[in-house]
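Per-entry structural report
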Amino acid sequence: MRLKQVSLTAAISVVAGLATATVGLTGTAARADSTAALPLSHYAHMLVDSAHQHLFFSQGAGSTGILVTDLAGDPVTTLTGEQGATGLALSPDGATLYAALTDGDAVAAIDTATLTESARYATGTGSGPVSVAVAGGKLWYGYTADGGGGIGSVDPAAAAPVATPQSGMASWGRAPLLATGGGVLAAEEPQQSLSHVATFDVSSGTATVKANTTVYGGTATGFQVTGDGTEVLLAAPQQPALRAFRTSDLLSAAPAVYNTGGGNSAPGALALDTDGTIAVSGSAGADGQVYLYAGSTAAEHHYVFPSRTLAPDGLAWAGDGTTLYAVARDPSSGAYLLHVLGDAKLTDSRVWLTASQRAVPTQQFTIAGSLTTDGFLPTGAKLHVTRDGAELPDAVVGADGTFSVSDTRPDAGAYTYTVSYDGDATHRPATLSLTVHVALLSTGITGPDLSSATPDSVVFTGSLITESHLGSLPQGTSVQVSRTDEDTQQTVQLPSVAVDPATTEFTVADAPHSAGRFTYHLFYAGDATHDLTAADASVQVAPYAPALALKPPATATRAAALTFGGTLGDGPYPTGETVTVSRKDAAHTTTPVTWTVPVGTDGGITVKDTPTTGGADTYTVSYPGDAAHQAATASATVQVSRAATAVSVTSDASTYAYGATATVTAHLGTTYNSRTVSIYATPAGGRKTLVKTAAVDSKGNLKATFRTTRNTTFTASFAGDYRYAPATATRTVHGQVGIAEKLGGYYTSTKYGTVTYRVYHHTVKPQVSGTVSPAKSGQCMRFQAQEYVHSAWHTLTTSSCFSMTPDSVGVTRLSLTNAVGQKFRVRTEYVASAQDTTNVTTWGGWLYLTVRT
């Protein structure tokens, strides 16, 4: 039985009881009590005079006046004649505003009550002061001096105050930026991504160096010293964060950095309030942003100014301890704006709401919530709750900040719940709305898991699931079932099936009694808690795919009766069914012998045959199939016996000279319908090669020739025929090496009879060399010398082994004494070692020589 693929298409109800919420947070976007346009073409510095309710704005080099506004940013006047006013500072009593006049080469003193210039201190032609600071009873200024920079001071209490350069206050490449706090004066100049910073103790009015080095910085856009004089803060766009250093040694303070938004956030303006609160600006794309820190590296607040750029050195705290002023610039228009944040230090509050369970008609549901702040939790605070504007009982904030709202709705629908926190003296208010959808629990039918799909049995299981597995199914729940035959489009209503409440499963069992494609329609009508649902299951019922098994013997005797059985599965079968049997053998390779065999009702098959051809006979049984069964085929091979025949192979010699041709004769005995023999040669260390394939002659012989260079095995092979089995025979012959011999050192040649002799002086030792083919590097070569005495050759000496060179050469010299007038001959011998399986020991030919005076 084979299961067919099942597809399920289900229409599932809309998910019930969803809740959606919009969080109302305070403090994550720009909040300003007011925003005012500033009539500035440029901006350099802002100073807050809370005592006189004024803000002062300088515009830097190229400007001629200082803008004065009220604390809301509305213009009051412009102090004219202040050429290139840049850095601003206020005297300790708040009575005097000091301004560094970059274009006026002076420092101006301005009465903050009358808004008129009361004094001007010349700093020298071309000095261009850019920064001023007040500490230790003196006014300090940073200016340009001798192509570099310097720091000078003025004693405003002197009878005749004069701007005096302070030559001992470090060495500067340009006019430094100054800041003071707690009797400490700090100075800074940019050096690419570093800053040259020096700190001085000026509490006595005389500057004493505390530290002087380079630190992480750049072009400082914010530079301040803490009120206790222990730390200097430096903001520069070349750094990813605001940096803090100890004034004592300019090493990193603890904490050392204050984040402004990460990489490329470009720390900019910096404001340090008297209570230690740090405000520092950064950038986020096209938006400006300000972070507030109060004693740790975790930002207390974060303000975003959409489509604004915070101006360098554009932050300042008011004297009231709460208000923060921020100067921003619109990148598109270039206009400057003043943002007044009246409650910058208030702690943000956030309300969070979530539906803790699905909301179903007539059943109570709960909305869980929490109130979080960046400060302490207002435990016990009451939260106002409404549903679609109607008042509900207040919720109370627990010790962990959580609260809950419970309600019951009789009808399905969407209900909006709003929870509001009014805030208090240290917390901002917050509001959040949550929409709860009260609805029937949705249901769905999953599966089916098909366990049977035959014409007589279709069985599958499914599950009736509920949304989030809520709302248990009652006893008696059932699923209605009908079946449609997709071929005939006839639909039959089937009995409903029970759903097990414990497992939510149901089982459909059916017998369509035919093959084809069927669609089972599943429908659940729902109840008071659950919505209705429907699904379709498509089942393909295929005919049986019977397995055909054959049980033949492994071997059989040629020309004898052969019987074997087989079984066709997935019965029963109707009477009259047959299978086709075919036999393919060596005599019937393209047109097998074919006949039919009946199939028993139980699927049994009996094959009978008398094979006439020996070898591997393949029987193939094929069943064509019927309305309930698919076709089936199986094959089996039986080795049918064959008689034995004789094959032999001989050669015309047992040993051959190097390169000699061997004549090989194969002989074939009695056969039936094939007289073809193949002769192969396998040289030692080489591959087997076909030398000749042909029919033997009338005597049963086949001759072939082969050039030998080494030991060679010849194989004669008969492939077999219809009645005789394959047979082989081998013959191994030996191959000698080829030796090329040479005499050296003679001065002429002569002949004795027909033999040529090399002639040597009696003082010469003749050189004898032999070269062996194939190469036998390192193998043994011997030399033998004979003398012609008394009409016969007599051996004088046979040498021991000479190891042949890598070129397969052996060399020796003959030492002949009393040899004048005598005849000699010499030859070489290759001595095959036990490791040489390719060639046998071989003597070379004789070389003849004689000796004369």
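These figures come from a predicted structure and were not determined experimentally.

Section: the overall build of the chain
If you tally the helices and strands in the chain, you get zero helices and 71 strands. Taken over the C-alpha trace, the chain has a radius of gyration of 57 Å; the compact-globule value for 853 residues is 29 Å, which it surpasses by more than 25%. Projected onto its principal axes, the C-alpha positions of the chain cover 150 × 115 × 45 Å. Looking at the chain residue by residue over its 853 residues, the buried ones come to 46%. Taking the intrachain contacts of the chain between residues at least 6 apart in sequence as the baseline, contacts between residues at least 24 apart amount to 55%.

Points about the sheet that holds strand β32 (residues 365-373)
Ordered in space as β31-β32-β35, the three strands form an open sheet in which the pairing is antiparallel. Edge positions in the open sheet fall to β31 (349-355) and β35 (402-407), since each of these has one partner strand only. Between one strand axis and the next, the sheet turns by 20° as a mean value, whatever way the strands run. With six bridges joining them, β32 and β35 adopt antiparallel strand pairing. Note that in β35 the partner of Phe365 across the bridge is Asp407.

Considerations on the sheet that holds strand β26 (residues 287-293)
Pairing in this open sheet of four strands is antiparallel, and the strands run β24-β25-β26-β27 from one edge to the other. Pairing within the sheet leaves two strands with one partner each, and these edge strands are β24 (270-272) and β27 (301-305). Geometrically, the sheet is characterised by an average inter-axis angle of 20° between neighbouring strands, direction not taken into account.

What to know about the nonpolar core
Side chains of a nonpolar character, in soluble globular proteins, are inclined to be buried together. With 23 residues, the main nonpolar core has Val351, Leu353, Leu383 and Val436 as its most contacted residues. Of all the elements in the fold, those that place two or more residues in this core are β31, β32, β33 (382-387), β34 (390-396), β35, β36 (413-421) and β37 (430-438). Ranked by residues supplied to this core, first place goes to β37 with five residues.

What to know about the pattern of salt bridges
Tallying each qualifying case throughout the model produces twelve salt bridges. Asp249 is the partner of Arg246 in a salt bridge, and the nearest nitrogen-oxygen pair spans 2.6 Å. Residues Arg409 and Asp407 are paired through a salt bridge, measuring 3.7 Å at the closest nitrogen-oxygen approach. Taken as a pair, Arg409 and Asp407 share a single burial class, namely buried. Linked through salt bridges whose partners overlap, the residues forming this network are Glu82, Glu117 and Arg120.

A few points about the confidence of the model for the chain
The predicted coordinates ought not to be read in detail in places where the model reports low pLDDT. Summarising the model, the chain shows a mean pLDDT of 91, and 95% of its residues fall at 70 or more. Within the model, pLDDT remains below 50 along residues 1-31, and this stretch shows 109 contacts once partners closer than five positions in the same chain are excluded.

Observations regarding the environment of Leu562
Looking at the secondary structure, you find Leu562 in strand β47 (residues 562-568). Residue Leu562 is classed as buried on the basis of its relative accessible area, which comes to 7%. Spatially, the C-alpha atom of Leu562 lies 58 Å from that of Ser833, the residues being 271 residues apart in sequence. Setting aside residues up to four positions removed in sequence, Leu562 forms contacts with Pro553, Ala556, Val607, Lys608, Asp609, Pro611 and Tyr619.

Considerations on the packing of aromatic side chains
Applying the stated criterion across every chain yields a total of 15 aromatic pairs. Look at Tyr573 and Tyr623: their rings are 5.6 Å apart centre to centre, the planes differ by 90°, and that puts the pair in the edge-to-face class. Residue Tyr573 is found in the loop between β47 and β48 (578-584), and its partner Tyr623 is found in strand β51 (residues 615-623); the two are separated by 50 residues along the sequence. The same class applies to Tyr573 as to Tyr623, namely buried. An aromatic cluster is defined as three or more aromatic residues linked by ring pairs; in this entry it consists of Tyr752, Tyr757, Tyr788, Trp793 and Tyr848. For the cation-ring pair, Arg243 lies above Tyr216, with the distance from its terminal atom to the ring centre recorded as 4.6 Å.

Details of unusual backbone geometry
Put simply, Gly447 and Pro448 share a cis peptide bond, and its omega is -5°. A cis amide bond, omega -5°, links Ser773 with the succeeding residue Pro774. Its identity is not glycine, yet Asp146 carries a phi of approximately 55°, on the positive side. Inspection of the secondary structure puts Asp146 in the loop between β13 (138-145) and β14 (148-154). Here the phi dihedral of Leu250 falls at roughly 60°; this positive angle occurs in a residue that is not glycine. Looking at where Leu250 falls in the secondary structure, it is placed in the loop between β22 (241-246) and β23 (252-259).

Notes on the pairing of strand β12 (residues 131-135)
Of all the five residues making up β12, five are buried; the element is thus mostly covered by neighbouring parts of the structure. In β12, alternate side chains face the same way, and those of Ser131, Ala133 and Ala135 on one face and Val132 and Val134 on the other are all buried. Two successive antiparallel strands, β12 and β13, enclose a turn made up of two residues, where Gly136 displays a positive phi of approximately 60°.

With respect to the environment of Ala253
Checked against the element boundaries, Ala253 lands in strand β23. On a C-alpha basis, the gap between Ala253 and Leu233 in space is 9.5 Å, while along the polypeptide they are 20 residues apart. Sequence-distant contacts of Ala253, that is, excluding residues within four places in its chain, are made with Glu231, Ala244, Phe245 and Arg246.

Brief notes about the pairing of strand β65 (residues 780-789)
Note on strand geometry: in a regular strand, side chains alternate between the two faces of the sheet. The element β65 is extensively covered by neighbouring structure, given that seven of its ten residues are classed as buried. Pairing of β65 with strand β67 (residues 802-803) involves two bridges; the strand directions are antiparallel. For Met781, the partnering residue across the bridge sits in β67 and is Phe802. Alignment of β65 against strand β69 (residues 823-831), held across eight bridges, turns out to be antiparallel. If you follow Arg782 over to β69, its bridge partner there is Glu829. Where β65 and strand β66 (residues 792-798) come together, six bridges link them in antiparallel fashion. Counterpart to Gln786 in the pairing with β66 is Thr795. Here β65 folds back onto β66, and the loop between the two strands holds two residues, one of which, His790, carries a positive phi near 55°.

Quick notes on the rules
- Residues numbered from 1 in each chain as written.
- Predicted model: local features only at pLDDT ≥ 70, side-chain atom pairs only at ≥ 80, totals over all residues.
- Heavy atoms only, no water.
- Helix = DSSP H or I, 4+ residues; strand = E, 2+ residues; numbered from the N terminus.
- Rg over C-alpha atoms; globule rule 2.2 N^0.38 Å.
- Buried < 20%, exposed > 50% of the residue type's maximum accessible area, 1.4 Å probe, protein only.
- Contact = heavy atoms within 4.5 Å.
- Pairing = 2+ DSSP bridges.
- Axes fitted to C-alpha atoms, helices over the stretch in contact; angles between N-to-C directions.
- Core = buried A, V, L, I, M, F, W, Y, C linked by side-chain atoms within 4.5 Å.
- Salt bridge = Lys/Arg side-chain N within 4 Å of Asp/Glu carboxyl O.
- pLDDT = per-residue confidence, 0-100.
- Phe/Tyr/Trp six-rings, centres within 6.5 Å; stacked < 30°, edge-to-face > 60°.
- Lys NZ or Arg CZ within 6 Å of the ring centre and 35° of its normal.

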